[in-house]
Amino acid sequence: MSDRPAIAGYDVAAVEAWIEANVDGLAPPFEWTRLEGGHSNLTYALVDTEGRRAVVRRPPEGELLPKAHDMGREFKVISGLGSTPVPVPIAYGYCEDPTVTGAHFYVMSQVDGMALYNNTESQEYLTEEARANVGLSFIDTLAALHSVDPADVGLADLGRPDGYIARQLRTWYGSWTASIEYADYDNPKVHALHEHFTANLPEQGPSRVVHGDFGLHNCMFAPDGAVTAVLDWEIATLGDSLADFAYALNAWGEPGGGEPLAAEGATQAPGFVAPQVLIDRYAEATGADLSQLDYYVAFNHFKTACILHGVYARYRMGQKSSEGVDLDGMKERMIATLDRAAVLLDT
């Protein structure tokens, strides 16, 4: 055992001992393989002595913000959703004792499939027929999530159920204003949009679990285009399902057509269904009133611009190395997202 390689962030012997004592059906020692992605969390595929597979996941090393990389939240969500039609990994066990390996961690099943980040992956992994199925399965999965009553699956305390958009507006507008000086950039459209959003807050429907980052990059897809699992639930909370839905449309572009925000996005490959197909399918599955969908889509563009502004400011301050980073392109994308929001709302 002493010749086994070190694994970043894990005391291998201690973690394997914990799994052996607390998780049925897994027999260490394991083969450990690093899995990329997942918001910099340290995620490893495990294969036990019988060839059985699992995944272990913990936050990155170093000091973290209080609510960042919440493994307990992730485990709670996939545990709750495990009995629903929403495809999630099986939750095997959660260790809340940081003395085991320096941080909380959890173990879940490993699900076959592939996340989609760009059109090259879409074309290499999927046939055109499968690409059409990606959108249908993707939106059916989100509709299934938004049809779950949180109280029925032990998630009623996942977050504050009301005022979701108002809280999000305060957060992201505050981020923009705090970053103006460091970014050396402001845009009057941000303030006009914030005023419009605040003055026209939609009435929130029933509180639902919102993923917060529901996209092709956080879903696993089978070769036929079906979603096999939704991953990365660390920012999931309770809130307005239409905000979650509008965010999910980002990869397909505007409801009325148009280009996705990322020029090399996964849905740029031939075969993907049009945005309106997803909108109609979601409305039929959930019965949601989508009369204010433009508001929600515009809000997500506003949020994206605020996020980019904060990142841009950190680069300008020297907090992050800008070597190889297209700062001009980042600024152009920021402006483009604000323009999209303004056009949708005619502000």
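Further up the page is the structure itself.
None of these values were measured; they are calculated from a predicted model.

Here is what the cut-offs are and how they apply
Residues numbered from 1 in each chain as written. Predicted model: local features only at pLDDT ≥ 70, side-chain atom pairs only at ≥ 80, totals over all residues. Heavy atoms only, no water. Helix = DSSP H or I, 4+ residues; strand = E, 2+ residues; numbered from the N terminus. Rg over C-alpha atoms; globule rule 2.2 N^0.38 Å. Buried < 20%, exposed > 50% of the residue type's maximum accessible area, 1.4 Å probe, protein only. Contact = heavy atoms within 4.5 Å. Areas by Shrake-Rupley, 256 points an atom, 1.4 Å probe, with all protein chains shown as cover. Pairing = 2+ DSSP bridges. Axes fitted to C-alpha atoms, helices over the stretch in contact; angles between N-to-C directions. Salt bridge = Lys/Arg side-chain N within 4 Å of Asp/Glu carboxyl O. Expected span 1.5 Å × (residues − 1). Arc of directions from axis to C-beta. Parallel < 35°, antiparallel > 145°, perpendicular 65-115°, else oblique. Left-handed = near helix turned anticlockwise from the far one by under 90°. Nonpolar A, V, L, I, M, F, W, Y, C, P; charged D, E, K, R; others polar.

Quick notes on the overall build of the protein chain
Move 1: Along the backbone of the protein chain there are ten helices and nine strands.
Move 2: By the compact-globule yardstick of 20 Å for 347 residues, the protein chain fits well, its C-alpha radius of gyration being 21 Å.
Move 3: Based on the C-alpha atoms only, the size of the protein chain along its principal axes is roughly 65 × 45 × 40 Å.
Move 4: Each of the 347 residues in the protein chain was classed as buried or not, and the buried ones make up 49%.
Move 5: Taking all contacts inside the protein chain whose residues are at least 6 apart in sequence as the whole, residues at least 24 apart take part in 69%.
Move 6: Of the roughly 16,100 Å² of accessible surface on the protein chain, a fraction of 50% belongs to carbon and sulfur atoms.

Quick word on the sheet that holds strand β5 (residues 105-109)
Move 1: Pairing within the open sheet is antiparallel, and its five strands lie in the order β1-β2-β3-β5-β4. In this open sheet, the two edge strands, each paired with only one partner strand, are β1 (31-35) and β4 (91-95). Put simply, the sheet's adjacent strands are angled 25° from each other on average, direction ignored.
Move 2: Bridge count between strand β3 (residues 53-58) and β5: four bridges; the pairing is antiparallel. Within β5, the position partnered with Val-55 by the bridge is Met-108.

A few points about the pattern of salt bridges
Move 1: The final tally for this structure, using the stated rule, is eleven salt bridges.
Move 2: The salt bridge involving Lys-76 is made with Asp-157; its shortest N-O contact spans 3.3 Å. Residue Lys-76 is located in helix α2 (residues 71-81), and its partner Asp-157 is located in the loop between α4 (128-146) and α5 (164-183); the two are separated by 81 residues in the primary sequence.
Move 3: Take Asp-157: its relative accessible area is 57%, and that puts it in the exposed class.

Re helix α8 (residues 275-286)
Move 1: If you check α8, its first and last C-alpha atoms are 17 Å apart, about what twelve residues at 1.5 Å a residue would give, namely 16 Å.
Move 2: Within α8 the residues assigned to the buried category are Pro-275, Leu-278, Ile-279 and Tyr-282. For α8, the arc enclosing every buried residue in end-on projection is 100°, short of the 170-degree limit, so these residues lie on one face.
Move 3: Tucked inside the fold, the buried residues of α8 contact α4, α7 (241-248) and α9 (293-317).
Move 4: Of the residues one or two after α8, Gly-287 is the one with positive phi, at around 75°.

Some points on the packing of α5 against α9
Relative placement of two packed helices is described by the angle separating their axes and the distance separating the axes.
Move 1: Between α5 and α9, the shortest axis-to-axis distance is 8 Å and the interhelical angle comes to 30°. Our classification of the angle between α5 and α9 gives roughly parallel. Helix-helix and strand crossings are classified by hand; for α5 and α9 the assignment is left-handed.
Move 2: Residues of the contact of α5 with α9, tallied by class, amount to 18 nonpolar, five polar and two charged.

Some remarks on the environment of Val-227
Move 1: Relative to the elements of secondary structure, Val-227 occurs in strand β8 (residues 227-230).
Move 2: A C-alpha to C-alpha distance of 9.7 Å links Val-227 and Ile-139, two positions 88 residues apart in sequence.

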